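Residues per chain are reported as follows:
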Amino acid sequence: MKKIIYSIIIGAIVLGGAIYLLLSNKEQNQQETALITQKNDAISVKVDTVKRITPQLSYRSNGTFKPEQELIVTPETTGTILEIMVKEGDQVHKGQTLAYLKKDQAKVSYQNANANYQNALENYERYQRAYKTGGVTQEQLEQMQLQLDNAKSSLENANLDIEDTRIKASINGVINKNS
């Protein structure tokens, strides 16, 4: 029982000491705050006279503008330019046609490739019928299949050459220079 009483007395003394310290710190903080407030009451002000001026609305500077991305557009095939669809300063979008090349040579190549493909197709069909009746060997039929595949590839290539006569924009941007 004596231990409990001693513990309560010691706890009360410690608690009383803590309260005393807090109150004394509070008074000290209030005094310091009052001192700082008195110093800050006097605010310095700079005074100037009013003048009428006209503001300059333009700005001049020397420098060079550089694009974020620059692309030199070249055609996939060689040829003579027939028509340029854009001029300097025009805004263009990806896939937009910029110019057309002369198609004459590409058209002739396409017609030849198409004729070769049709001929190879007829020959392959004829060889297939002959193979069924035993007129040609498996190897000859496979050779005709190879010729047909080559003719088809040539036709697709010629078709691409015709498409390549259209020069298209590969990115969005602004035409900086026509050459």
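Structural notes, computed from the coordinates. (Residues numbered from 1 in each chain as written. Predicted model: local features only at pLDDT ≥ 70, side-chain atom pairs only at ≥ 80, totals over all residues. Heavy atoms only, no water.)

**Regarding the overall build of the protein chain**
Inference 1: Within the protein chain one finds 3 helices and 5 strands.
Inference 2: If you list the helices and strands of the protein chain from N to C, you get α-β-β-β-α-α-β-β.
Inference 3: For the protein chain, whose C-alpha radius of gyration is 46 Å, the value lies well above the compact-globule estimate of 16 Å for 179 residues.
Inference 4: Taking the principal axes of the C-alpha coordinates as reference, the protein chain spans close to 125 × 80 × 20 Å.
Inference 5: Counting only residues that meet the buried cut, the protein chain has 13% of its 179 residues in that class.
Inference 6: Long-range pairs, those at least 24 residues apart, make up 72% of the contacts in the protein chain between residues at least 6 apart in sequence.
Inference 7: Within the structure as shown, the protein chain displays about 16000 Å² of accessible surface, and the carbon and sulfur contribution to it stands at 52%. (Helix = DSSP H or I, 4+ residues; strand = E, 2+ residues; numbered from the N terminus. Rg over C-alpha atoms; globule rule 2.2 N^0.38 Å. Buried < 20%, exposed > 50% of the residue type's maximum accessible area, 1.4 Å probe, protein only. Contact = heavy atoms within 4.5 Å. Areas by Shrake-Rupley, 256 points an atom, 1.4 Å probe, with all protein chains shown as cover.)

**Comments concerning the nonpolar core**
Inference 1: Residues Ala113, Tyr117, Ala120, Tyr124, Leu141, Met144, Leu148, Ala151, Leu155 and Ala158 constitute the largest nonpolar core, which totals 10 residues.
Inference 2: Elements with a contribution of two residues or more to this core: helix H2 (104-133) and helix H3 (138-163).
Inference 3: It is H3 that provides the largest number of residues to this core, a total of 6 residues.
Inference 4: The residues contacting Leu155, other than those within four sequence positions of it, are Tyr110, Ala113, Asn114 and Tyr117.
Inference 5: Of all hydrophobic cores here, the second largest spans 5 residues; its members include Val86, Val92, Leu98 and Ile175. (Core = buried A, V, L, I, M, F, W, Y, C linked by side-chain atoms within 4.5 Å.)

**Quick word on H2**
In an α-helix there are 3.6 residues to a turn, and that puts residues three or four apart on one side.
Inference 1: The end-to-end C-alpha distance of H2, which contains 30 residues, comes to 44 Å, matching closely the 44 Å that a straight helix rising 1.5 Å per residue would cover.
Inference 2: When H2 is considered as a whole, its buried residues turn out to be Ala106, Ala113, Tyr117, Ala120, Asn123 and Tyr124.
Inference 3: Gly134 lies just past H2 and shows a positive phi near 90°. (Expected span 1.5 Å × (residues − 1).)

**Thoughts on the sheet that holds strand S1 (residues 81-84)**
Inference 1: Taken in spatial order, the 3 strands of this open sheet run S1-S3-S4, and their pairing is antiparallel. Either end of the sheet is taken by a strand with one partner, and the two such strands are S1 and strand S4 (166-168). Direction aside, neighbouring strands of the sheet carry axes that sit 25° apart on average.
Inference 2: Pairing geometry for S1 and strand S3 (residues 97-101), over 3 bridges, is antiparallel. Paired with Ile81 across the two strands is Leu101, which belongs to S3. (Pairing = 2+ DSSP bridges. Axes fitted to C-alpha atoms, helices over the stretch in contact; angles between N-to-C directions.)

**Quick look at the packing of H2 against H3**
Inference 1: Between H2 and H3, the shortest axis-to-axis distance is 8 Å and the interhelical angle comes to 160°. The orientation of H2 with respect to H3, classified from their angle, is roughly antiparallel. Of the two elements, H2 crosses H3, and the hand of that crossing is left-handed. (Parallel < 35°, antiparallel > 145°, perpendicular 65-115°, else oblique. Left-handed = near helix turned anticlockwise from the far one by under 90°.)

**Describing the pattern of salt bridges**
Inference 1: Under the defined criterion, the tally for this structure stands at 3 salt bridges.
Inference 2: When the shortest N-O distance is used, the salt bridge between Glu163 and Lys168 registers 4.0 Å.
Inference 3: Its relative accessible area of 39% is what places Glu163 among the partly exposed residues.
Inference 4: Residue Lys168 is classed as partly exposed on the basis of its relative accessible area of 36%. (Salt bridge = Lys/Arg side-chain N within 4 Å of Asp/Glu carboxyl O.)

**Observations regarding H3**
Inference 1: End to end, H3 covers 38 Å across 26 residues, agreeing with the expected 38 Å (1.5 Å per residue, within 8%).
Inference 2: Within H3 the residues assigned to the buried category are Leu141, Met144, Leu148, Ala151, Leu155, Ala158 and Ile162.
Inference 3: Where H3 is buried, its residues touch H2 and S4.

The quantities given are spatial measurements derived from coordinates; they are silent on function.
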